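Spelled out from the first residue to the last, the chains are:
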Amino acid sequence: MSNAYEISDYPATERCQDNPLVSVIVPCYNHEKYVKECIESIIDQDYKNLELIIIDDGSQDRSSEVIKAMAAACEARFVRFSFRSRENRGLCATLNEAVEWAEGEFLSPLASDDVLFPEKVSRQISEFKKRALEKSNLVAIYSGVEFIDSESQPLKIKKGGGKFCGFDGVILRNVFLPTPTFLVKREAIISVGGFNPDYKIEDFYIRLKLTDNGGVFFVMPEPLVKYRRHDDNFSQKSDQIWRGVLEILSDYSDRIIYKKALAMSIMVQAHDFQTVSTGKGLRYVCKAIGIRPSVFFSRSMFRFFVKIFFRL
């Protein structure tokens, strides 16, 4: 039985007409420790024409109580504030629910443990307007990130590429596209049928759908989001991600680019495992070469062995 709680449609005193409405979407699941900091970073955005949609996806902790305690501040800040708490349905179903519920021209999905820089939305909307003059099929903007730990302490900054990216760049995994920096046209998400609950790696799936549908992305170089890394079971999580990537790639097995894409995804996996086990990383390197020998001469392979050299 659903234990639904909903706050919706609280208008702010002023609506901005000069800039498009942006819907910030926050799916939350068991993040009572982090969701307050996440919401505060959205309240602090210097872009005024925002709506905030939060869906608590059946959290077993006090996440809903933390969100409810911030309702008054959200009602005062946003053009429209909506909050719903209900039984667990999974991330993709939650994202699709929020997309349907949203009214913005643009969507900015954000995990409830990540944090926005104050200028995140305004910088990306400005960049989108600028880059759309160069590419009329631009559908989304990404940026660089600052990685933080479970206590919100900075770990490192990774910049974005400062360039456009299409289907080949996505499927070959050669462009850094950090998920929490995603700002996308809502109509583009709707046009590809939204997120598919049959797939676990929702970000890789939607990137491929958007670009295979003719869209392109632009990746801003500067960090605009604090992306949280948790201390969890890396090996188990990485194996789960790998199985999800394989499942999505299988949909494109009839493409000429498929074997190269598979080899490059294996190299991504090799880099992931290299951080905890050089031996396991090397085993994935061998798998990649077995599928496509030319991957031995790739930039990804060069970076892999440079990392080994400097760790010796």
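Throughout what follows, the structure given in this document is the object of discussion. (Residues numbered from 1 in each chain as written. Predicted model: local features only at pLDDT ≥ 70, side-chain atom pairs only at ≥ 80, totals over all residues. Heavy atoms only, no water.)

This brings us to the nonpolar core. Formed by 57 residues in total, the largest nonpolar core has its most connected members in Ile171, Ile189, Leu210 and Phe217. When residues of this core are assigned to their parent elements, the largest contribution, 9 residues, is made by helix H10 (residues 258-274). Sequence-distant contacts of Ile171, defined by excluding residues within four places in its chain, comprise Phe204, Leu208, Leu249, Tyr252, Ile257, Ala261 and Ser265. Core analysis: the next-biggest nonpolar cluster, separate from the first, contains 37 residues, Val22, Met70, Val145 and Leu224 among them. (Core = buried A, V, L, I, M, F, W, Y, C linked by side-chain atoms within 4.5 Å. Buried < 20%, exposed > 50% of the residue type's maximum accessible area, 1.4 Å probe, protein only. Helix = DSSP H or I, 4+ residues; strand = E, 2+ residues; numbered from the N terminus. Contact = heavy atoms within 4.5 Å.)

Throughout the structure, instances matching the rule amount to 11 aromatic pairs. Between Tyr199 and Tyr205 the ring centres are 5.3 Å apart and the planes differ by 20 degrees, which places this aromatic pair in the stacked class. A residue is classified by how much of its surface remains accessible, and Tyr205, at 10% relative accessible area, is buried. Within the aromatic cluster, the residues linked to one another by ring pairs are Tyr142, Phe182 and Phe217. The ring of Phe164 carries the charged tip of Lys135 above its face, separated from the ring centre by 5.5 Å. The cationic tip of Arg229 hangs over the ring face of Phe147; the distance from NZ or CZ to the ring centre is 4.0 Å. (Phe/Tyr/Trp six-rings, centres within 6.5 Å; stacked < 30°, edge-to-face > 60°. Lys NZ or Arg CZ within 6 Å of the ring centre and 35° of its normal.)

Before going further, it helps to spend a moment on helix H1 (residues 35-43). Here H1 has its buried residues at Val35, Cys38, Ile39, Ser41, Ile42 and Ile43. For H1, the secondary structure elements touched by its buried residues are strand E2 (22-28), strand E3 (50-57), helix H2 (63-69), helix H3 (71-77) and strand E6 (115-116).

Counting buried residues in E2 gives 7 out of 7 residues, a clear majority hidden from the surface. Across the two faces of E2 the burial is the same, with Val22, Val24, Val26 and Cys28 and Ser23, Ile25 and Pro27 all buried. Here E2 pairs with E3 via 7 bridges, running parallel. Within the sheet, the bridge partner assigned to Val22 lies in E3 and is Leu50. Handedness of the crossover joining E2 and E3 through H1: right-handed. Where E2 meets strand E5 (residues 106-109), 4 bridges bridge the pair, whose relative direction is parallel. Residue Ile25 lies in a different strand from E5, and its bridge partner there is Pro109. (Pairing = 2+ DSSP bridges. Right-handed = clockwise from strand over helix to strand, strands pointing away.)

This next bit is on the environment of Gly144. For Gly144, the location among the structural elements is in strand E7 (residues 138-148). The exposure class assigned to Gly144 is buried, which follows from its relative accessible area of 0%. Gly144 sits 13 residues away from Ile157 along the chain, and the two C-alpha atoms are 7.6 Å apart. Once residues within four sequence positions are removed from consideration, Gly144 is found in contact with Lys158, Lys159, Gly160, Thr181, Met220, Pro221, Glu222, Pro223, Leu224 and Val225.

Taken as a whole and assessed by the stated rule, the structure comprises 0 disulfides. The thiol sulfur of Cys38 is not disulfide-bonded, and the nearest other cysteine sulfur, from Cys28, lies at 8.2 Å. (Disulfide = S-S within 2.5 Å.)

Right, let's get into the side chain of Glu146. Secondary-structure assignment places Glu146 in strand E7. Although Glu146 is buried, it forms no salt bridge, and the closest oppositely charged side chain is Lys226 at an N-O distance of 5.0 Å. (Lys, Arg positive; Asp, Glu negative; His and termini not counted. Salt bridge = Lys/Arg side-chain N within 4 Å of Asp/Glu carboxyl O.)

Taken together, the side chains of Leu282, Phe296, Phe297 and Phe305 present a nonpolar region at the surface, about 430 Å² in accessible area. Judged by its relative accessible area of 32%, Leu282 is partly exposed. (Patch = residues over 30% accessible without salt bridge, like charges linked within 9 Å, V, L, I, M, F, W, Y side chains within 5 Å. Areas by Shrake-Rupley, 256 points an atom, 1.4 Å probe, with all protein chains shown as cover.)

Another point: the pattern of salt bridges. One pass over the full model with this rule turns up 18 salt bridges. The partner of Lys36 in a salt bridge is Glu40, and the shortest N-O contact between them spans 2.5 Å. In this pair, Lys36 and Glu40 both sit in helix H1, 4 residues apart, roughly one turn of the helix. The exposure class of Lys36 is partly exposed, given its relative accessible area of 43%. Judged by its relative accessible area of 31%, Glu40 is partly exposed.

A surface patch of like charges, here positive, comprises Lys156, Lys158, Lys163, Arg229, Arg299, Arg303 and Lys307. Of all the elements, helix H12 (residues 299-311) adds the most residues to the positive patch, at 3 residues. Examined against the element boundaries, Lys156 turns out to sit in strand E8 (residues 154-158). (Charge placed at Lys NZ, Arg CZ, Asp CG, Glu CD.)

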